[in-house]
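Listed below are the residues making up each chain.
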2 protein chains.
Amino acid sequence: MPYSAYFDVASTVPPHPVARQALLAALEEGWADPTRLHREGRRARLLLDTAREAAAELIGCRPDELSFTSSGSRALHTGIAGALAGRRRVGRRLVISAVEHSAVLRAAEAHEAEGGTVVRMAPERTGRIEPGTVTDALTGDTALVCLQSANHEVGTEQPVIEAAETCRAAGVPLLVDAAQSLGRGTVPGAWSLLAASAHKWGGPAGVGMLVVRKGTRFVAPLPRDEREAGRAPGFPAVPQVVAAVAALRAVREEAVEADGRLRGLVDRIRERVPELVPDTEVVGDPVRRLPHLVTFSCLYVDGEALVHALDREGFAISSGSSCTSDTLEPSHVLRAMGVLSSGNVRVSLPTGTTGEEVDRFLDVLPRVVAGIRERYGAPPRTGGAQDARAGEARPDGGTEVTVDALGLVCPRPVIELARAMARVRPGGVVTVLADDGVAELDIRAWCHLREQEFLDEKPLGGDPAGAARAYRVRRTERPIPADDPAARRVPGTPPAGGPGSAGPHGDGLRP
Amino acid sequence: MPYSAYFDVASTVPPHPVARQALLAALEEGWADPTRLHREGRRARLLLDTAREAAAELIGCRPDELSFTSSGSRALHTGIAGALAGRRRVGRRLVISAVEHSAVLRAAEAHEAEGGTVVRMAPERTGRIEPGTVTDALTGDTALVCLQSANHEVGTEQPVIEAAETCRAAGVPLLVDAAQSLGRGTVPGAWSLLAASAHKWGGPAGVGMLVVRKGTRFVAPLPRDEREAGRAPGFPAVPQVVAAVAALRAVREEAVEADGRLRGLVDRIRERVPELVPDTEVVGDPVRRLPHLVTFSCLYVDGEALVHALDREGFAISSGSSCTSDTLEPSHVLRAMGVLSSGNVRVSLPTGTTGEEVDRFLDVLPRVVAGIRERYGAPPRTGGAQDARAGEARPDGGTEVTVDALGLVCPRPVIELARAMARVRPGGVVTVLADDGVAELDIRAWCHLREQEFLDEKPLGGDPAGAARAYRVRRTERPIPADDPAARRVPGTPPAGGPGSAGPHGDGLRP
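Residues numbered from 1 in each chain as written. Chains lettered and ligands numbered in written order. Predicted model: local features only at pLDDT ≥ 70, side-chain atom pairs only at ≥ 80, totals over all residues. Heavy atoms only, no water.

Some thoughts on the UniProt feature "domain: UPF0033" (unreviewed entry) in chain A
Just so we agree on the cut-off: UniProt positions are given in the numbering used here, feature names are shortened, and annotations may be inferred rather than shown by experiment. The helix and strand labels rest on DSSP assignments: H or I over at least four residues marks a helix, E over at least two residues marks a strand, and numbering proceeds from the N terminus.
According to UniProt, the feature "domain: UPF0033" (unreviewed entry) maps to residues 403–427 of chain A in the numbering used here. The annotated region residues 403–427 of chain A carries 40% helix and 8% strand content, and the separation between its end C-alpha atoms amounts to 17 Å.

Side note on the sheet that holds strand 16 (residues 469–474) of chain A
Residues and elements named next belong to chain A. In plain terms, the rule: Note on pairing: DSSP must find at least two bridges between two strands before they are called paired. Angles here are taken between N-to-C directions and fall from 0 to 180 degrees, while the axes themselves are lines fitted to C-alpha atoms, restricted in helices to the stretch in contact. Any two residues whose heavy atoms approach within 4.5 Å are treated as being in contact.
One open sheet accounts for four strands, arranged 13-14-16-15; its pairing is mixed. Among the strands making up the open sheet, the edge pair consists of strand 13 (400–404) and strand 15 (453–459). Going across the sheet, the axis of each strand differs from the next one's by a mean of 20 degrees, ignoring polarity. Alignment of strand 15 against strand 16, held across six bridges, turns out to be antiparallel. Bridged to Glu 457 within strand 16 is Tyr 471. The strands that helix 12 (residues 412–421) touches are strand 13, strand 14 (429–434) and strand 16; relative to strand 14, the one it contacts most, it runs at about 160 degrees.

Quick word on the nonpolar core
Filter applied, for reference: To define a nonpolar core, start from buried Ala, Val, Leu, Ile, Met, Phe, Trp, Tyr and Cys residues and group those joined through side-chain atoms within 4.5 Å. A 1.4 Å probe rolled over the protein chains alone gives each residue an accessible area, and that area as a share of the maximum for its type sets the label: buried under 20%, exposed over 50%, partly exposed in between.
Ranked by size, the top nonpolar core spans 100 residues in total, and within it Ile 59, Leu 174 and Trp 201 of chain A together with Ile 59, Leu 174 and Trp 201 of chain B carry the most contacts. Setting aside chain neighbours within four positions, we find Leu 174 of chain B in contact with Val 145, Cys 146, Leu 147, Val 160, Ala 163, Ala 164, Cys 167, Trp 191, Ser 192 and Leu 193 of chain B.

Remarks on helix 7 (residues 238–276) of chain B
At 3.6 residues per turn, the α-helix brings residues three or four places apart onto the same side. The condition is simple: Expected helix span is computed as 1.5 Å times (number of residues minus one). The seven residues ending at a residue and the seven starting there each receive a fitted axis; the angle between those axes is the bend at that residue.
With 39 residues, helix 7 of chain B ought to run about 57 Å at 1.5 Å a step, yet its terminal C-alpha atoms sit only 49 Å apart, falling short of that. Along helix 7 of chain B, the largest kink reaches about 50 degrees and is centred on Val 256 of chain B.

A closer look at the pattern of salt bridges
Where charged atoms from two side chains of opposite charge come close, those side chains can pair. Stated precisely, the cut-off is as follows: Whenever Lys or Arg places a side-chain nitrogen within 4 Å of a carboxyl oxygen from Asp or Glu, that contact is recorded as a salt bridge.
Evaluation of the coordinates by the stated rule reveals 60 salt bridges over all chains. Notably, a salt bridge pairs Glu 29 of chain A with Arg 43 of chain A, separated by 3.4 Å at the nearest N-O pair. Of this pair, Glu 29 of chain A sits in helix 1 (residues 17–29) while Arg 43 of chain A sits in helix 2 (residues 39–59); the two residues are 14 residues apart in sequence, bridging distant segments of the chain. Overall, the relative accessible area of 30% leaves Arg 43 of chain A in the partly exposed class. One salt bridge in this structure joins Arg 125 of chain B and Glu 281 of chain B, with 2.3 Å as the shortest N-O distance. Residue Arg 125 of chain B is located in the loop between strand 4 (117–121) and helix 5 (131–137), and its partner Glu 281 of chain B is located in strand 9 (residues 280–283); the two are separated by 156 residues in the primary sequence. Residue classification places Arg 125 of chain B among the partly exposed positions, given a relative accessible area of 28%. What you see here is one network of salt bridges that share partners, running through Asp 8 and Arg 346 of chain A together with Arg 36 of chain B.

Quick word on the packing of helix 12 of chain A against helix 13 (residues 439–450) of chain A
Residues and elements named next belong to chain A. Rules: Orientation labels follow simple angle bins: below 35 degrees gives roughly parallel, above 145 gives roughly antiparallel, 65 to 115 gives roughly perpendicular, and whatever is left gives oblique. The crossing is said to be left-handed when, going from far helix to near helix, the turn is anticlockwise and less than a right angle, and right-handed when the turn is clockwise. All amino acids are sorted into three groups, where Ala, Val, Leu, Ile, Met, Phe, Trp, Tyr, Cys and Pro are nonpolar, Asp, Glu, Lys and Arg are charged, and the leftover types, Gly among them, are polar.
Between helix 12 and helix 13, whose axes approach to 9 Å, the crossing angle comes to 40 degrees. With respect to helix 13, the element helix 12 is oriented oblique. Relative to helix 13, helix 12 is oriented so that their crossing is right-handed. Contacts from Pro 413, Val 414, Leu 417, Ala 418 and Met 421 in helix 12 reach Ala 439, Asp 442, Ile 443 and Trp 446 in helix 13. Taken together, the residues that form the contact of helix 12 with helix 13 break down as eight nonpolar, no polar and one charged.

Brief notes about the sheet that holds strand 12 (residues 344–348) of chain B
Residue and element names in this part refer to chain B. Taking strand neighbours across the sheet as the criterion, the three strands line up as 9-10-12 in an open arrangement whose pairing is antiparallel. For this open sheet the edge positions go to strand 9 and strand 12, each flanked by a neighbour on one side alone. Sheet twist, expressed as the mean angle between neighbouring strand axes with direction ignored, is 20 degrees. Lying over the sheet, helix 10 (residues 355–375) contacts strand 9, strand 10 (293–298) and strand 12, oriented at roughly 25 degrees with respect to strand 10.

Let's talk about the domain arrangement of chain A
By convention, interface size is frequently given as the accessible area that disappears when the constituent parts associate. All names here are of chain A. Put simply, the test is: The split of the chain into domains comes from an automatic or database domain assignment. The term buried area refers to how much accessible surface (probe radius 1.4 Å) is lost by two components on association, counted for both of them together. By the criterion applied in these results, polar contacts are pairs of N or O atoms within 3.5 Å in which, for protein atoms, one can donate a hydrogen and the other can accept it, and in which residues neighboring in sequence qualify only through two side-chain atoms.
You can read the domains of chain A as domain 1 (5–10 + 259–376), domain 2 (17–251) and domain 3 (385–488). Contact with domain 1, which involves 15 residues of that partner, is made by 17 residues of domain 3. On the domain 1 side of the contact with domain 3, Leu 299, Tyr 300 and Tyr 376 bury the most area, a combined 41% of that side's loss. Inspection of the region where domain 1 meets domain 3 yields one salt bridge. The partner of Arg 450 in a salt bridge is Asp 279, with the nearest N and O atoms 2.7 Å apart. The tally of links from domain 1 across to domain 3 stands at four residue pairs in polar contact (both at pLDDT 80 or more). Taken together, the residues that form the side of domain 1 that touches domain 3 break down as eight nonpolar, three polar and four charged.

A short note on the relation of the copies chain A and chain B
What counts here: The superposition of copies rests on a least-squares fit of C-alpha positions from residues with pLDDT of 70 or more in both.
Mapping chain A onto chain B leaves a residual RMSD of 0.1 Å; the transformation is a rotation of 180 degrees accompanied by 0.0 Å of translation along its axis. Classification of the inter-copy transformation places it as that of a two-fold axis. Taking C-alpha positions as reference, the residue of chain A nearest the rotation axis is Ser 70 of chain A, located at 3.0 Å. Interface residue correspondence from chain A to chain B reaches 99%, placing this contact among same-surface, isologous pairings.

Quick look at the interface of chain A and chain B
Listed per partner, the contact involves 71 residues of chain A and 70 residues of chain B. Between chain A and chain B, a total of about 6,000 Å² is buried, with carbon and sulfur atoms accounting for 59% of that surface. Here Arg 36 of chain A ties to Asp 8 of chain B by a salt bridge, and the two come within 3.3 Å at their closest N and O atoms. Linking chain A to chain B there are 17 residue pairs in polar contact (both at pLDDT 80 or more).

Structure, rendered in structure tokens:
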């Protein structure tokens, strides 16, 4: 068995031993239809009712306010649709944060498709939604506000208490997506609806929770049946529900002692990574964050290559958006934050993580990143023969350089930019032609990191897809680090491995 | 441990040992997010893909035509909504049978709520939809036809092959609800969509299957994510899916040898029950039926009392509609068939049922039914002292009798009718005033059983609820059996136990 550390609990937490035991027991006792009147049915009914009471206590709601759904996404879909339908008379304006889970974004798109309006609140660069932003977003015709308790990609905690207060004062219901935090503690504040997902705390997959507080206008979407107050059609998975609630109680107790330690380990990563890996940006709020989660992005690297390389070293992490990893889209969260998206690494530590494991990760990471950068044509700092060619990067060069990065995918457009910037004199302008989806995000982020001036971007004619753009960047007086690896790249030398072989989104693993 | 035989597999089948083993193994290997690229994710992905291929082979479809949903109801809801959306240009006419599972009925009501049209095909008295009925229902603007492979309450098999042929010829997609039959064999015919539910064959709850054949126009309802071809949003429950498919393979093999034996046991029940229990109607098709399921109804008895009494004797059976047991509605299936709904018993035998268990059931049943009838004021045939009072039932009596059964719930209105009929002379007419939901159904069924003439029913004025009706029945020349227990009832004697104590829908068991 090779070394293996699972640092991806923000995706899903391995089943808790307590969950496995409870599931097995409930498979014996609670397999029957709880609406049946024979003893097997009554037994299942008893287990379901007991689980509902226990979960309600852990959430801080009444049992009759809680419905068990088939997933956190279903809880969000139903919660949003039901609350919007219940407030239809008031208005059809839905307010969400731009960094919500994709299930909230999809529900919002469905609302727009039906003629509703959606307002997406922009976060700070830390991913945090300022309370004032919520206040400003509220209008007389606002039907619902959705705000996560903490972000699933960068760990930033949101001001749920303040938002709930603002919403309550305005008479607008607040739905809280508590998927990332319910396993660590109750969600405070006067929220109206809450959604959660059991596999995020070590319960089995296939169990979500939807809380609709008494007094909240709610019309469950059709079709509905009589199960779970009409909010989750279909035969209930009693054994999984029992296991989910048993796991929630167990992890809550563990979190009390574990979270302080995890917070320290994450602080170590936040502090050491920028020191160990050049051209790296640690994102997310450094203080108001989940204890176990940290995300950073590395210039001139793509996240998928990083995931594979770290996996070979025995570390399971994820990159970009947990929920768009199947698509060519960059993470909507990182995009909304305006931070570097290429070379993104999300580390989320399980409760039992040791300092040794974190140190091993910090030991492996620099080598892994350097290796990928080299493959992309960014040689290691020990230049050797390549230093001789540094002359080709003419710092006394021209005032206008245009780089054709059309057809190149991240991180290569930004690598081309870095190379070109080294060839113009201060005040000079580099124009990058690119059609990669994340080019603008990464070029802006590069300018932010390098303190260079992003001038503008214009669409290029003649591109049917309309993705091609010209990005203009002016070189400031600020020196671009002479050791910028990208500046050392031998012009014309194709990087090892094309976009296909280890490109950011090439995916030989999926059928 | 008291004697216990679970005869309710049509509600749900206890988890198959193979399912439990597979679930445990997959909890170890397949808990991760299958869209993740690290080894844990790839392992889950491999398990999911393998399960999909195995299930597709057992269903008889391509793996990429199969989506795993969170329940059979969800599979039906999504399948129907998606097929209707895909055919929107053709028309908005949905054709279903009147005896479909309630999930299909709910989906149809949702379609109506959105302005669509629904045609409900009436079954024969056996519950069977004649192929000609499907042909007649097809029109140029029909978007979709839904037909179950076999009925969940009476076991009658539907002509899926013929229906599929008719639909194919007309270019209309056919959706087959295979929930009750997929565990026993593949569904033949050129159907376009198929839905199933794993807990119906011993898989875990929380796993449904939706097949959409290539070439079938389909637009999955919003919101949708990228999982399961956009047809089942939410984090996939890989361990449960693996267990569901393992169970399907196992029960398929067992069905080969078991179904012949079960058919024989059901034939024994079908033959013996009417002999052992007077005034009983065995419903459903005697030949074209599921091998393990039989349903019968007993006059002057209510189903819920029967469920409780048989439960005390160690037999778990269900009554009425599996899916409306929580409501005051009588089974929509029995209603559509026009058969007696009161005193309904559905027996569905597990694979391992022995002849001894069936004999024990046949030994217990007559005593149980007699006991309930006695409580409702229908004394056992050994009349004794009561026979002396038989004179009060004047067969040479009047020509017009009106019975006030307002406020009485089934089976009492029909008991009152039986009593009154014994008091009018042939040609005479009895008018029953009743406001119970199933009164008309049961009075008509009683007339059918007793070969008496149902004249008409009129609404009664002065009932705000509008449920009160007057039902007129004419006594034919056909003798009403002199031993009709109801005719022996002492007039004016209140039945033991009011509607509350053991009424058909009083439910002290549920919170």
